[in-house]
Amino acid sequence: MTSSTNLIDGRAIAAQLLAELAPRVAALKARGVEPGLAFVRVGEDPASKVYVGRKEKACAELGIRSETHVLPEMALEVELLALLQRLNADARWHGILVQFPLPRHIRPAAVSAAVAPHKDVDGFHPLNMGRLLLGEPGGFEPCTPAGIRELLVRSNVPLDGAEVVILGRGNIVGKPLAAMLCQKAPHANATVTLCHSATRDLKGHCRRADVLVAAMGVPEFVKADMVKPGAVVIDVGVNRVPDPAARGGSRLVGDVNFAAVQPIAGKITPNPGGVGPMTIAMLLRNTVRAAELAAGLQ
Ligand code: NAP
């Protein structure tokens, strides 16, 4: 089956989510509360600039005020932490997002822990991660895994009892997604296998997956012979590969060989147009929720 009928359209589902947020933003503004999201970027990493730019644009379209603070590449960790303290104390900002990756001399864990948990709309503070692991409601969930779950749920993919195999145990995607989908809860309750570079018989694990999530950062790693016919395939990877024929000499590909896998998958995310737009939509949802909590609306 080579058709677009098995595509999970992340752009359309993200647009639906944003449409659901619009009345909540209007209700906040009617009470004199303008939801605000502060971005922090360190250095001039081109991909980080693009990501923050997209998020700023999405904020503007939804009516969320945003401001971006840029520190130089050589800024000290202590300077970044001081900026975060100021933003934590500033009531205009309901959410704070520090764009990763950070320069090597700055410890990501120290930065994640320095964002006030109630403004941690990226969901990386240890308190929010802990709540996620424990299955406690009330915390902020990391945006990419939350977006993946939303894609699955809104595409009517059964998760209860499903075999979910996740490739990649990164702190941003694989690990929190595993914690989310293994909970004894609605829209979860899956049997989750988390694979990584030391996994034996990786192909064997992949082939029994009802839902296969690729979040490794390895270009087109997942081939057709790794996928059970009818399985749902989610491609999280964003990899730049050389391509002399492309403008700028390179192009972006996912972790899944889309052309080979789409014909046998039950459902599959395109890349781009799958997980990426959902990550942004979930960030805005977390920000609206943070503003509602601050305004006593939740
Ligand atoms: P990460 O922290 O670097 O984790 C990568 C994981 O993949 C690690 O667990 C690593 O194993 C595993 N891995 C790498 N090569 C492997 C191989 N050949 N076989 C088995 N496992 C392998 O990466 P991340 O931050 O989670 O990001 C993963 C990908 O998702 C990247 O392409 C990133 O750009 C993309 N991403 C996309 C979005 C979005 O919104 N679309 C958001 C976030 C990330 P070890 O642990 O054993 O080293």
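Residues numbered from 1 in each chain as written. Predicted model: local features only at pLDDT ≥ 70, side-chain atom pairs only at ≥ 80, totals over all residues. Heavy atoms only, no water.

When you look at the site of the ligand in this model, what are you seeing that I'm missing?
Neighbouring the ligand are 21 residues, the closest being Arg 169, Ser 197, Val 236, Val 238 and Thr 279. Val 238 has a polar backbone atom sitting 3.0 Å from an oxygen atom of the ligand. Residue Thr 279 places a side-chain N or O atom 2.8 Å away from an oxygen atom belonging to the ligand. Across the complex, the protein chains shield 67% of the 930 Å² of accessible surface that the ligand would expose by itself. Top contributing element to the shell around the ligand by residue count: helix α10 (residues 275–294), with three residues. Residues belonging to the shell around the ligand are distributed by class as follows: ten nonpolar, ten polar and one charged. (Near = heavy atom within 4 Å. Polar contact = N/O pair within 3.5 Å; in protein donor to acceptor, adjacent residues only side chain to side chain. Areas by Shrake-Rupley, 256 points an atom, 1.4 Å probe, with all protein chains shown as cover. Helix = DSSP H or I, 4+ residues; strand = E, 2+ residues; numbered from the N terminus. Nonpolar A, V, L, I, M, F, W, Y, C, P; charged D, E, K, R; others polar.)

Even after reading the chapter, I still don't get unusual backbone geometry, so can you show me in this structure?
Among all residues except glycine, the phi angle is most often negative; among peptide bonds, the trans geometry is most common. Here the bond from Phe 100 into Pro 101 is cis, since omega is 0°, no more than 30 degrees from zero. Along the chain, Pro 101 turns up in the loop between β3 (95–98) and α4 (108–114). Omega for the peptide link from Asn 271 to Pro 272 comes to 10°, which places this bond in the cis form. One can find Pro 272 in the loop between β10 (267–268) and α10. In this structure, Asn 189 is a non-glycine residue whose phi angle is positive, near 65°.

Honestly, helix α6 (residues 143–154) in this entry has me stumped. Any pointers?
An α-helix turns once every 3.6 residues. As a result, residues three or four positions apart point the same way. With twelve residues, α6 should cover 16 Å at 1.5 Å per step; its first-to-last C-alpha distance of 16 Å lies within 8% of that length. The element α6 is largely enclosed, with a buried count of ten among its twelve residues. Within α6, the full set of buried residues consists of Cys 143, Thr 144, Pro 145, Ala 146, Gly 147, Ile 148, Arg 149, Glu 150, Leu 151 and Leu 152. Where α6 is buried, its residues touch α1 (10–30), α7 (174–181), β6 (211–214), β7 (232–235) and α10. (Expected span 1.5 Å × (residues − 1). Buried < 20%, exposed > 50% of the residue type's maximum accessible area, 1.4 Å probe, protein only. Contact = heavy atoms within 4.5 Å.)

Would you mind showing me how to read the pairing of β6 here?
On any regular strand, side chains alternate: one points to one face of the sheet, the next to the other face. Of the two faces of β6, the one lined by Val 211 and Val 213 and the one lined by Leu 212 and Ala 214 are each fully buried. Across four bridges, the pairing between strand β4 (residues 163–167) and β6 is parallel. In the sheet register, Ile 166 faces β6, and the bridge partner there is Val 213. Sheet analysis places β6 next to β7, joined by four bridges and oriented parallel. Directly across from Val 211, in β7, lies its bridge partner Val 232. (Pairing = 2+ DSSP bridges.)

Explain the sheet that holds strand β2 (residues 65–71) here, please?
Two orientations exist for strands paired in a sheet by backbone hydrogen bonds: parallel and antiparallel. Spatially, the three strands line up as an open sheet ordered β2-β1-β3, and their pairing is parallel. Every interior strand has two partners, whereas the edge strands, β2 and β3, have only one. If you compare each strand with its neighbour and ignore which way they point, the axes differ by 15° on average. Seen against the sheet, helix α2 (residues 46–62) touches β1 (36–42), β2 and β3 and runs at an angle of roughly 170° to β1. Along the sheet, helix α3 (residues 77–89) makes contact with β1, β2 and β3, crossing β1 at roughly 175°. (Axes fitted to C-alpha atoms, helices over the stretch in contact; angles between N-to-C directions.)

Where do I start with the domain arrangement of the protein chain in this structure?
For an interface, size is often stated in terms of accessible area lost upon the parts coming together. Domain annotation of the protein chain identifies domain 1 (31–116) and domain 2 (143–276). Computed over C-alpha atoms only, the centres of domain 1 and domain 2 are separated by 28 Å. (Domains from an automatic or database assignment.)

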